[in-house]
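# A closer look at the structure
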Amino acid sequence: MKINPEEYIGKSIFITATNTNVGKTYACEKFLNHFAKAGLRVGYFKPIETGVENNTPLDGSKMLNLVKKLNPDFKNISVNDCVPYQFLLPASPYVAKGNTYIDIEFLKEKKEYLKNFCDVLIIEGAGGLMVPIKKDFFIIDLIKEFRTKTFLITPSKLGSINDTLLSIEALKNRNINFSFFINLYEDVDSFEKVSKPFLIDYFETLNFLQDL
Ligand SMILES: Nc1ncnc2c1ncn2[C@@H]1O[C@H](COP(=O)(O)OP(=O)(O)OP(=O)(O)O)[C@@H](O)[C@H]1O
Ligand SMILES: C[C@H](N)[C@H](N)CCCCCC(=O)O
Ligand SMILES: [Mg+2]
């Protein structure tokens, strides 16, 4: 799939995945560099980060440092602007937040605020699609509220078929417009033999993060 940066000017892209540790942040880095190389001012937003270590959101600070290098208009944006909700416990936001109230309207305002400083805003979820933020409100529901284009990152390891199809099922159920990219990172040598034969038959064309 050719990503034409021009089509994304003024837009936001939500980067989600089949699960945690699949490569969302890795994908954000690829997309930020890809759009910056095309001359776009890039931005990054991680609404909720858990597993924050000694007051530093790992994803948030890593990506903000990159964005500040790529887009001078982000120079006054703080990590608290990029990651409004930060929790210590490496768990779902619903568990990690304790009694903190997560205000979705506030997150929507924050998204619009950050868009003032960039042409394209890359938004990273937390874990996979069905990670709970509230008892009956999940990452997938936040995507719906944000009304953004969605890129689903899927793994290359054994198990990818099941995880990819389940996530696609969930996105389709909520009428969310998405594309998916395979992150060729785990079980790379066996992927051609083990997972690709089905995936290529089922989807006919496959997009790889590595081709960005
Ligand atoms: N294609 C790749 N090449 C090299 N390293 C990778 C690749 N994909 C993922 N990684 C590494 O694997 C680990 C997990 O990836 P990443 O942090 O992007 O996952 P994530 O989906 O953002 O996780 P989380 O749900 O915690 O945000 C990281 O150390 C990352 O650098
Ligand atoms: C801590 C980790 N890096 C992510 N931020 C949160 C992952 C939550 C996963 C919850 C679950 O699917 O059981
Ligand atoms: Mg991440």
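The structure displayed is predicted, hence computed values, not measured ones.

## Observations regarding the side chain of K97
- The topology assignment puts K97 in the loop between α4 (93–96) and α5 (104–115).
- One buried charged side chain, K97, makes no salt bridge at all; its nearest oppositely charged neighbour is D136, positioned 10 Å away.
- Not counting chain neighbours up to four residues away, the residues in contact with K97 comprise F87, I102 and I133.

## Some details on the coordination of the magnesium ion (ligand 3)
- Listed as protein donors to the magnesium ion (ligand 3) are T25 (OG1), D59 (OD) and E124 (OE); their distances from the metal cover 2.0 to 2.2 Å.
- Each donor residue of the magnesium ion (ligand 3) belongs to the same chain, with the gaps between them written as T-x33-D-x64-E. Of this pair, T25 sits in helix α1 (residues 24–37) while D59 sits in helix α2 (residues 58–70), and the two are 34 residues apart along the sequence.
- Among the residues examined, D59 registers a relative accessible area of 17% and is labelled buried.

## So, the packing of aromatic side chains
- In this structure the tally under the stated criterion is 15 aromatic pairs.
- Ring plane angle 55° and centroid distance 5.4 Å describe the contact between Y8 and F35, whose orientation is recorded as tilted. Highlighted residues: Y8 in the segment before β1 (11–17) and F35 in helix α1, separated in sequence by 27 residues. For the pair Y8 and F35, one class covers both residues: buried.
- Taking the centre distance of 5.1 Å and the plane angle of 70° together, the rings of Y113 and F117 count as edge-to-face.

## As for the layout of surface pockets
- Taken as a whole, the largest pocket encloses approximately 590 Å³ of empty space.
- Around the largest pocket, the lining is made up of 26 residues, and of these T20, N21, K24, K46 and D59 lie nearest the centre.
- Elements represented by at least two residues in the lining of the largest pocket include exactly α1 and α2.
- Broken down by element, the residue count for the lining of the largest pocket peaks at 4 residues, all from α1.
- Considered class by class, the residues forming the lining of the largest pocket number 9 nonpolar, 9 polar and 8 charged.

## Topic: the pairing of β1
- With 6 of 7 residues buried, β1 lies mostly within the body of the structure.
- The sheet contact formed by β1 and strand β5 (residues 120–124) spans 5 bridges and is parallel. Following the sheet pairing, I13 is matched in β5 by I122.
- Here β1 pairs with strand β8 (residues 149–155) via 5 bridges, running parallel. Looking across to β8, one finds that A17 is bridged to I153.

## Digging into α2
- Between the first and last C-alpha of α2 there are 19 Å, a value that for 13 residues agrees with the 18 Å anticipated at 1.5 Å per step.
- Structurally, α2 contributes buried residues whose contacts are with α1, β2 (42–45), β3 (48–49), α3 (79–82) and β5.

## Thoughts on unusual backbone geometry
- Phi is positive for N54, close to 20°, though the residue is something other than glycine.
- Secondary-structure assignment places N54 in the loop between β3 and α2.
- Residue classification places N54 among the exposed residues on the basis of a relative accessible area of 68%.
- In this structure, R147 is a non-glycine residue whose phi angle is positive, near 55°.
- A relative accessible area of 76% places R147 in the exposed class.

## Looking at the sheet that holds β5
- One open sheet accounts for 5 strands, arranged β2-β5-β1-β8-β9; its pairing is parallel. One side of each edge strand has no neighbouring strand; the edge strands of this open sheet are β2 and β9 (178–183). When strand polarity is set aside, the average angle formed by the axes of neighbouring strands in this sheet is 25°.
- Running over the sheet, α1 touches β1, β2, β5, β8 and β9 and is turned about 175° from β5.
- Here helix α6 (residues 139–146) sits on the sheet in contact with β1, β2, β5 and β8, set at roughly 170° to β1.

Criteria and cut-off values
Residues numbered from 1 in each chain as written. Chains lettered and ligands numbered in written order. Predicted model: local features only at pLDDT ≥ 70, side-chain atom pairs only at ≥ 80, totals over all residues. Heavy atoms only, no water. Helix = DSSP H or I, 4+ residues; strand = E, 2+ residues; numbered from the N terminus. Buried < 20%, exposed > 50% of the residue type's maximum accessible area, 1.4 Å probe, protein only. Lys, Arg positive; Asp, Glu negative; His and termini not counted. Salt bridge = Lys/Arg side-chain N within 4 Å of Asp/Glu carboxyl O. Contact = heavy atoms within 4.5 Å. Donors = N, O, S within 2.8 Å, 3.2 Å for Na, K, Ca; no water. Phe/Tyr/Trp six-rings, centres within 6.5 Å; stacked < 30°, edge-to-face > 60°. 1 Å grid on protein atoms, 1.4 Å probe; cavity = no way out; pocket = protein on both sides within 12 Å on 5 of 7 lines; lining within 4 Å. Points joined across faces, edges and corners; volume = space filled by probe spheres on them. Nonpolar A, V, L, I, M, F, W, Y, C, P; charged D, E, K, R; others polar. Pairing = 2+ DSSP bridges. Expected span 1.5 Å × (residues − 1). Axes fitted to C-alpha atoms, helices over the stretch in contact; angles between N-to-C directions.

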